[in-house]
Each structure stands twice: as C-alpha cells, then as structure tokens.
Amino acid sequence: MKNNEKIIPMPLRYLINIVLFVVFLLVMNNLIVSGTIPKYYAGVISFIGVNIILAVSLNIATGYLGQLPLGHAGFMAIGAYTSALIMKAASGSATIFPFALIAGGLIAALFGLIIGIPALRLKGDYLAILTLGFGEIIRVILLNIDNVLGFTLTNGAAGLQKIPKTTNFLITFIMVGITCYVIHTMMKSRHGRAILSIRENEIASESCGINTTYYKTLGFVVSAFFAGIAGGLYAGNIGILSPSAFNFMKSIEILVMVVLGGMGSMFGSVLSATVLTALPEALRRFEDYRMVVYSLVLVIVMIFKPSGLMGTYDFSLNGLLDKLILKFRGNHTEKGAMPQEKKGEAAVRKKEGKLK
Amino acid sequence: MSLVISQLINGLQSGSIYALVALGYSMVYGIIMLLNFAHGDIIMVGAYVAWLAMVHLALSPILAIILAIIACTLLGVIIEKVAYTPLRSSPRLSLLITAIGISFLLENLAQLIFKADAKRVPPLITGPSINIAGQYVDFTAIITIVVSVISMILLTFLVRKTKMGKAMRAVSEDMVTAQLMGINLNSTISFTFAVGSALAGIGSILYCCTYPQASPTMGSMLGLKAFVAAVLGGIGSLPGAMIGGFCIGLAEAFVSAVGLSVWKDGVVFAILIIVLIFKPTGILGKVINEKV
Amino acid sequence: MKKFLSIALILVLIIGCFAACGDKNTTGDPDSEESKPPVDDTASDETIKVAIIGCHTGQNAQYGLGVLNGAQLYIDQINASGGINGKQIKVIAYDNKSDNQEAINAFNRAVDEGITALIGDVISANTIAVVGEAYPLNMPMITPSATAAAVTYDDETDTVYSNVFRTCFIDPFQGEKMANYANEKLGAKTAAIIYETGNDYAVGVKDAFIETCKKLGIEIVDEEGYATGDVDFMSQLTTINSKNPDVVFCPNYYQDNGLIITQARKAGIKATFIGSDGMNGVKGYASAADLEGTVYCSGYAPGVTEAVKAFDEAYAAKFKTEPNMFAATAYDAAMVLCNALQIAEEAGLKTGSDEYKQAVIDAIRDKSADLECITSSGYTFDERNNPVKNAFIMKLVGGDEVYVETY
C-alpha cells in the first residue's frame, strides 16, 4: 500500500464505516433478541466482543509501543471488580451500567498510571516481569483484602457473586466499536505517530524531541483503560468474579491473540481474538490440546514470522474500494496523493465479514 | 530463640533452591540477555524424570538423580538450539515471547502426558536429623544448603578460572568481538545453557527431597521467584544470584513467621518492584550502558 | 518458505473464522423456525435429555470426570433396564474447563439442545455461575460436588434457589462435623488450622470449624494461611509447632495435605491431623508413618454396604479405575433425578414443559427419601435444599484410608 490515493473523500469514508457498523449491530441484535441466534451463540459472540477489546487494548502496549506487559489480566480484574461493585450497589439499574463501565476503566487507567511510571523507565524483560508481578499482586490483594479491611469487599476466594447481568450484545459491540474507533484515531494522530516512533527506535525518537516517557505512559494508560472496560463487560456478562480467573494464564491468552494476529495490526487482533474465542467452542473435543497448540503456535510464529501473521498490515474497506475504483477507471486519475497511514481503520469494519 | 533459628533454617533451605535456580537465570541472562522463562519448567521436567525413573523404571535413587540431571541438561540445550538460536538476531521482544511460549508448551505437555494431579516422588536422599547447637535440623535441609553453596563455588570457579569460562565472559561482554577473537559462539552459548540447565536439574532434585511432588505447574512460580532473586542480587552476577536467593527465602520465611503468609507472593513481587525502581542493577549488578 | 508458511497460517485462521461463523448459522436455524423458548419443542418424546456439565479437562479434571462417570453409570443402568416410562435418557455432556464463562456457555448450549434437567456443575464457582442462568429458567439441577453454601441460597436477598439441589455436604457442615468430632472423640482442647486462602472450599470449611470450636470451647491457638500453589509450609508449621495444639485442621485438597503432613512431622508436630473430604486420596502423597491416625470426614466410604460394593464393582468394570467420592455422589444425584423424572413422566406431563420441570423439582425435594442411595439412605432436603445426611469418618491406618464410623 505504498501509493495510497484516496478517491473516496474523508467524511464519506467514515460514513461508510459507521453505516455498515450500525447495520451490523442492528441486524445482529435483532437476530439475537428474536432468538434466531440461540442463547449459547449469543453468549459466545458477547464473549468474543470482550476478548476483542482486550486484544486491541493490549495491542497498544505490545504492538504499537513495542513493550511486553504481562499483567493485562490485572487491569481487567480491576475494571471488572470496580464496575461489579458499582453495579451491585446500584442493584443492576441499566442507566448506571455505562458509568460503572467507565468507572472501571478509569480506575484501571489510574493503576496503569501508577504502575506505568516506574515500569516504563525499564526496558523489555524488566518491564515484562514487573507487570507480571503487578498482575500477581492484584490477584493476591483481591483474595486477601477483606481480612485487612474487616468487611466484605471482594469476598475473597469465593468471589463476587450475583453481579447483575447487564451486559448484552448491543452494549458489548458498541464498546467494541468505540474502542476500535478511539484507538484507531489515536494511532492516526500526532500522538500515535510518536508512539510508533518509540517502537521503531526509542533513542532516535527521543533525540527527535519526543517525550518518550510521556508517550509510553499515555499508551500504557489507554491500554489499561480499555482493559478495565473489557473487565466491566466481562463482569456483567458472567455474573460471578473470582480472583483466580485473572491469573497469569489469562494475560498470556490475551498476548497470544495479539501476537498471533500481528503486533501492530488492529485488524489482526480483532481477527485472532474472534477466531481464538470461537474455535475452541467449535472444537471442544480437542480441549486437552488447546493450550499445547497455543504455545506451539506462539513459538512457531515467533520463529518464522516474528511480527505476527498480519504483521502491521491493516485491512481497510475503503482502501479496497479505492483500489477497485482505480481498476475500473484505469490509470487516468491524477489526484494529489495524500500519503497517509491507514492503520487500524479496518477493525471496526471487520465485523461485516460475519454478515456476508 | 530456637523458634527463630528454625525459621532461619526454613528460610535458608527454600532460599538455597531459589538460589540454584537463580544462578541458571543469571548465567543465561548474562550471556544472551534473555529472560529464559522456560528455566522454571526445566525443573518440572527434572522432577518428572526422577519420578518416572523411580516409580516406573524402579531405578535406585542415585541413578534417578543422574538421569534427571542429564535430562535437564539435554532439554536446556535442545530448547536453545530449536527455539532461541533462530531468533538470535531478532528483536528482544520476539525472543521473550518465544521463551514464554516454550515455558507454556512444557507445562501443557506435562499436563497432557501426566495429567494435572501431582505425582509423589519417593524419597531420593534420606538421613538422620542433625543436632546443631541443641536444635534438630532435618537432613535434607542441610544437604540442600550445602549442595547449593558448593554448586555456586564450582560455578564461580568455572567462570573465573577455566578457558570455557573466559569464553563465556567474553561472549557476554561483546558477542561480535568475541567471535572475531576465535570464540565459537554457538558452542559457548550451548555450554552456558547446559550448565544452567544442569543446575536446574540439581535444583529439581533438591526440590523433590523437600517437597516430594511433581506437578505440571510447579516450575512457574518457582521460576518467577528465582528470577526475582536473580534481579535482587544483580542479574548476571553469580554471587548476587546466591545472595538474592537467600534473601527471598528468608523474606518468605519471615513473612510467614509473623503470620502474614498469605501475602508471601505479594511481598516477593513487591520486593521486585522496589528493587527495580530504586536500584535496577540489584545488590551486586553492574550498570550496563545501552549501545546506540 | 516464511511467506508460504505465514500465508498458510492466515488461511487456516480465516477458514477457522468462517467455520465458526458458519457453525452458528447452521445450528441456529432449525431451532428458530417455530420455537420461541427453544426448550419446549426440541425435546423429543422418545428421549429425555439430561445434561452433565463439569470440568472434564485441566486442573480439576478428576473431579469432573468422576461426576461424569458416576452419573453416566447410573443412567446407563436405567437405560438398560428399559429407561423411564419406556423413554431412554440421553446424556449431553459438556466440558466447562473449570471456567465460569465456559460453564455458562455450556449450560446455554445444553438448554438450546433441549435438556430437561442438569447434573452439575462440579466446582462451586462454576455452579454459582450456572445457577444464575438456570434459576430464571426453573431448570431442575442437582450438583453432586458443589459444596459452597451460596449455590442454593443467596444470603444477600435471602432467596433459596428452589430449582437447585445437591447430594454432597456443604462446606459449613464439614467444619461443624469435624469440630464436634475433635471435641467429642479426640478430646481436643486446642486446635490449629492451616488452609489454602485462594480456595473458597477451604475458607468455607475453616470458617465453620472456627465458629463451632468457639461454641464448644476449643481454643484455636493458630490460624495459618497459604497461597494456591505453595509447596513450602515449613514456616507456618514451625509456628504451629511452637503453640503445641492437640489437633491440626487441614481443610485442603489431598495433594497439599500430603505435603503439609510430611513437612509437619519434620517440623516436629506430633498432633493428630484432621481434615475434610478434600483429604480423600491423601494416602498416595505422604508416608504411612506420617499419616498414621489422621482422620477426615467423607461423603463416601468404599465398600461399607452391599449397594456400595456393587457400585464399586460396576464402576471399576466400566471405567477401569476406582470410583472417587464425586463418582459416588454423582451416582446418587443421577438416582434422585431419575426417580423425579419418573414421577413427572407418570403424571403425564409434557416432557420439558414448565409444569414438568416444576414436577421434577417437587419430586426431588419430596420424594427422594426412600431411595437406596449409596452415600446416604435416601435424601431429604432442608429448607435451603441441602441434603440431611451423615458423614463417614475415615482414618488412616497403616497407609490405608479405612472407614471408622458414620458420625
């Protein structure tokens, strides 16, 4: 995609995406509410949505920022517990839910900030191990905080129970859309390019006057925020939270989604989150082999294609349309080329794939 | 008073296992700058080999010990050849993810083959309790501490005084220049992995003496804590790894002794975070400047 | 080569995606045509569908497989003797991997396929997650192994989940039993506890034990916790030893208990160890000498009666292993459920209808007392749907777990 010539003008490009996404939402929602899609599949689809948000948010830190945080499940746990507690206090009122979600995201982001500032001073392996330690500490705190506080907050090992089940398909996928849109626009902005430059070469970008600490922390905090949102959706989807659900294994599962899809490709993250959530459901008989295959895939992909299957490639519907139009018109167009990256744009649109 | 001594010995005993594992981490990190996540899982494999040898092949404990150490050594070298060598020139991130992948692969393969419930490893080393200053100390505790101290001394000798040790130090200093000086890079790195994994093998034997169970996930937490020990002591430094290991063991024993045992893991990782923030080079580590 | 490989992998991914999507549509359509709540119509008149959901893979597989096999054994016996009212029972077994989300998915899937009742879930947390889905549907369910009190009763809203039953003890029951036993039979005046903090089962049993001890005047001299996955208990045990308790209570699973008891003897603890049903199987994890005298309560004692012997033999013949406690309680759960299904069928109700489900629930609650079950002589349930049954006290003698008495 070197000579990107944009034939479809900018507002129209967004319009096409938004319209398609809304159509997708309405059609799917209708199918689920009417019971055409059975409850089981509806549940799996919601779960896919949660995993998409998790993968896309981790992709900011891993793919765009080039760091390797191993405590993503910790941020998810914070978001999940925060919004679950709020929802329980509000006894399941649907109007509170969006606020509970955002509160979960904000608290997770706050922790992202607290952990990010010291962690991001460190390089690669140290950062990985530090975030891993952080994730474990979160889990230990969730387990034992009640003994310290003297009253029941997280309910220890038994976990928070009877959380109002407020998550449904529509909310989940609206959040998926918002997440992808925000991250996409952020990555296309000046800030996004600064973040990418850190991945490419931190020292060089620093010497170009980019405040690397600021941008690293920014990326980290945004990543934590959306992990918190995903946690809130997860809590509302499942109704019970126990600390053991947010262990190191969970962080790795999210990482596998990102790595497999391609570090730096939002489309890749969305695709692999979808497949890695749906496929085990379809192949329940081979459950014993699932984790073995996951880890093998991780190693093989790293050895043969370290950037992940999609690399940094991102699918863009408009890009495709552009190409098609160009093909029909031949080579007569003489438009002023506006070389611009199109990273991440496709993610929102990817879901139309299901409609076809 | 005797209570304090008992707790000290408890701490030293678990600390010396951490120390042995941390030595392996430190060596590998020192030479190829890789956090070898799979190191803890090599211990798990060693424990299963010892179990297989004693329960299914009915071998004597001595043979089982030797077999376990050989298996760990081989496994370490194979992992290095298959997974890490192809990635030597790749970004650090890829190498780290591969290491995590290998670690998970070993764990899940073990779970697939041996099932999730723990296997009981028969006693490998037995002996009478020893009376030290009016305090009975378990034989395995003494063995564990002594073996790990001897291992560290031998290892220091190996690195400081032998030709291979010189090659290892050269490679860790500057890989390219070391090659120009006629050092065989591949064999040196493989040797490092072999030594590190053999230490893990010894660690797995000592582990099984004290905690006679083999389970698929036994290596992961042990490995992580040993890594914390390596970082605390100063990664790349052999005496540092030893000191770090003992510190972590004692810290755990202390936390448990004052009745806060549920926060043990939290404290270990909190130590890690504090060390990384205030003294990232650890107790005995050197500052390494990143080259542009 | 690299390019080729990555293209191949991408293709696999995409095909997988479509396969998964396609799956959705194909299985989704047939149900959708006429049925609104899919349960009512899909259950055919020839078979009665019963789901068995539990963890069949992963960490807790042995519990889940015990439940699956035990329940399957009874259902096969019923089917072989002509089924219920001439209808065969069809088992729909799903694995939940000990994961709450998977448990809900598995349950929804089973409901979509038209089950009339559920045997499961296995782990307490999974079961609570499933109850959240099953209670609104009034789906009869019997769990053979979920021991948390919250499975059948919500203390926040004071609601009893009327559709949920179990054939195992609840956590508090075991804690009470063992405290009473320690007081009455072991003459204990002081007790220490070591328990796994990350395990709701251990915490539940421990809390009840402490409460009962307070009532009985047993002094708790020390309470030590440890984290999931810990193997080194020396520090905690050294502290316990310094307080010299009469009994040490270990409400944990057998593997941990094996390590604890081995290390405790090294630390010099001479006290008797007592445990809950998680202790079952400890004989393989510590030496006979260290274990000698350890007692625990169990929901199942092998070979105590003729019926149990027959079960043990049939199980061993079919699955080539010894049954565990979960298999035994699952066998009972299947028996209680099949009896209730029989009653509902005989009442002539339409299989799977709302009245049918209510009839099954009523029959489980009221008509299970005369069954010849293997872990209890019949089942009666208290006001919170928990079974009223005795515990078997097991003792370790010479490296074997032997039945002592019913307490």
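Residues numbered from 1 in each chain as written. Chains lettered and ligands numbered in written order. Predicted model: local features only at pLDDT ≥ 70, side-chain atom pairs only at ≥ 80, totals over all residues.

## A closer look at the overall build of chain C
Just so we agree on the cut-off: What counts as a helix is a DSSP run of H or I of at least four residues, what counts as a strand is a run of E of at least two, and both are numbered from the N terminus. Three exposure classes are used, based on other C-beta atoms lying within 10 Å of a residue's own C-beta, which is placed from the backbone: buried for 20 or more, exposed for 12 or fewer, and partly exposed in between. Contact between two residues is assigned when their C-beta atoms, built from the backbone, lie within 7 Å.
A count of helices and strands for chain C gives 13 helices and 14 strands. Per-residue burial for chain C yields a buried fraction of 58% across its 407 residues. For chain C, long-range pairs separated by at least 24 residues make up 70% of all intrachain contacts whose partners lie at least 6 apart in sequence.

## So, the interface of chain C and chain B
To keep things clear, this is the line we draw: Here the nonpolar group is Ala, Val, Leu, Ile, Met, Phe, Trp, Tyr, Cys and Pro; Asp, Glu, Lys and Arg are the charged ones; every other residue, Gly included, is treated as polar.
Opposite the 25 residues of chain C that make contact, chain B presents 22 residues. Here the element with the most residues in the side of chain C that touches chain B is helix H8 (residues 234–243) of chain C; it accounts for six residues. Looking at the side of chain C that touches chain B, its residues break down into seven nonpolar, 15 polar and three charged.

## Description of the confidence of the model for chain A
Residue and element names in this part refer to chain A. Put simply, the rule reads: The quantity known as pLDDT measures the predictor's confidence residue by residue, on a range of 0 to 100.
When pLDDT is averaged across chain A, the result is 83; 90% of the residues are at 70 or more. Confidence, read as mean pLDDT per element, is least for helix H15 (residues 352–355) in chain A (37) and greatest for helix H3 (residues 72–89) (93). Residue range residues 333–356 is modelled with pLDDT below 50. Its contacts to residues more than four positions away, or to other chains, number 57 contacts.

## Description of the domain arrangement of chain C
Under the convention used in this document: Domain boundaries shown here were taken from an automatic or database domain assignment.
When the domains of chain C are assigned, the result is domain 1 (41–169 + 305–376) and domain 2 (171–298 + 393–406). Across the boundary between the two partners, domain 1 of chain C contributes eight residues, which contact ten residues of domain 2 of chain C.

## Details of unusual backbone geometry
All names here are of chain C. In the segment running from Gly-120 into Asp-121, the intervening peptide bond is cis, with an omega of -5°. Within the secondary structure, Asp-121 is located in the loop between strand S3 (117–119) and helix H5 (124–137). The phi angle at Asn-385 is positive, at roughly 65°, despite the residue not being glycine. When the 20 C-beta atoms within 10 Å are taken as the criterion, Asn-385 is described as buried.

## What about the sheet that holds strand S2 (residues 88–95) of chain C?
Consider a sheet: its strands pair through backbone hydrogen bonds, and that pairing is either parallel or antiparallel. Residue and element names in this part refer to chain C. Basically, it comes down to this: DSSP calls a pair of strands paired once it identifies at least 2 bridges connecting them. Note on geometry: axes are C-alpha line fits, over the in-contact stretch for helices, and angles between N-to-C directions span 0 to 180 degrees.
In spatial order, the strands read S2-S1-S3-S4-S7; together these five strands make up an open sheet with parallel pairing. Two strands bound the open sheet, and with one partner strand each, they are S2 and strand S7 (164–166). Direction aside, neighbouring strands of the sheet carry axes that sit 25° apart on average. Taken together, the eight bridges between strand S1 (residues 47–54) and S2 define a ladder with parallel strand orientation.

## A few points about the packing of helix H9 (residues 218–233) of chain B against helix H11 (residues 264–278) of chain B
All names here are of chain B. We count it as follows: Relative orientations are named as follows: roughly parallel for angles under 35 degrees, roughly antiparallel for angles over 145 degrees, roughly perpendicular for angles from 65 to 115 degrees, and oblique for any other angle. By convention, the crossing between two helices is left-handed when the near helix turns anticlockwise from the far helix through less than a right angle, and right-handed when the turn is clockwise.
At a minimum axis separation of 10 Å, H9 and H11 run at an interaxial angle of 30°. On the basis of their axis angle, the class for H9 and H11 is roughly parallel. Two packed elements cross with a definite hand, and for H9 against H11 that hand is left-handed. For the pair H9 and H11, the contacting residues are Lys-225, Val-228, Val-231 and Leu-232 in the first and Val-268, Phe-269, Ile-271, Leu-272, Val-275 and Leu-276 in the second. A breakdown of the residues in the contact of H9 with H11 according to their chemical character gives nine nonpolar, no polar and one charged.

## Considering the nonpolar core
Inclusion rule: Think of a nonpolar core as buried Ala, Val, Leu, Ile, Met, Phe, Trp, Tyr and Cys residues, each tied to the set through C-beta atoms within 7 Å.
Core analysis: the largest hydrophobic core is formed by 360 residues, its most contacted members being Ala-50 of chain B together with Leu-337 of chain C. For this core, the element with the highest residue contribution is helix H2 (residues 39–64) of chain A, accounting for 17 residues. Residues in contact with Leu-337 of chain C, not counting those within four places in the same chain, are Val-50, Ala-117, Ile-119, Ile-142 and Ile-364 of chain C.

## A look at the sheet that holds strand S10 (residues 247–250) of chain C
Residues and elements named next belong to chain C. Ordered in space as S9-S8-S10-S11-S12-S13-S14, the seven strands form an open sheet in which the pairing is mixed. If you trace the sheet from one side to the other, it starts and ends with strand S9 (219–226) and strand S14 (400–406), each paired once. Neighbour to neighbour, the strand axes of the sheet diverge by 25° on average, direction disregarded. Note: strand S8 (residues 190–196) against S9, seven bridges, orientation parallel.

## A short note on the packing of helix H4 (residues 100–112) of chain C against H5 of chain C
Residues and elements named next belong to chain C. Look at H4 against H5: their axes get within 8 Å of each other, and the N-to-C directions meet at 35°. Like other packed secondary-structure pairs, H4 and H5 cross with a definite hand, here right-handed. Across the interface between the two elements, Asn-100, Ala-103, Ile-104, Phe-107, Asn-108 and Val-111 from H4 touch Ala-125, Asn-126, Ala-129, Val-130, Glu-133, Ala-134 and Leu-137 from H5. By residue class, the composition of the contact of H4 with H5 is nine nonpolar, three polar and one charged.

## Side note on the environment of Thr-73 of chain B
Residues and elements named next belong to chain B. Topologically, Thr-73 is positioned in helix H3 (residues 61–84). Thr-73 sits 83 residues away from Thr-156 along the chain, and the two C-alpha atoms are 19 Å apart. Those residues in contact with Thr-73 that sit more than four places away from it in its chain are Ala-194, Ser-197, Ala-198 and Gly-201.

## Some remarks on helix H6 (residues 169–188) of chain A
Side chains three or four residues apart in an α-helix point the same way, a direct result of the helix having 3.6 residues per turn. We apply this condition: Take the number of residues in a helix, subtract one, and multiply by 1.5 Å to get its expected span.
Over its 20 residues, H6 of chain A runs 28 Å from end to end, which matches the ideal 28 Å to within 8%, given 1.5 Å per residue. Taken together, the buried positions of H6 of chain A are Phe-169, Ile-171, Thr-172, Phe-173, Met-175, Val-176, Gly-177, Thr-179, Cys-180, Ile-183, His-184 and Met-187 of chain A.

## A few points about helix H7 (residues 200–216) of chain C
Its 17 residues place the ends of H7 of chain C 24 Å apart at the C-alpha level, agreeing with the 24 Å of an ideal helix rising 1.5 Å per residue. Asp-200, Tyr-201, Ala-202, Val-203, Gly-204, Val-205, Lys-206, Ala-208, Phe-209 and Cys-213 of chain C are the residues of H7 of chain C that are buried.

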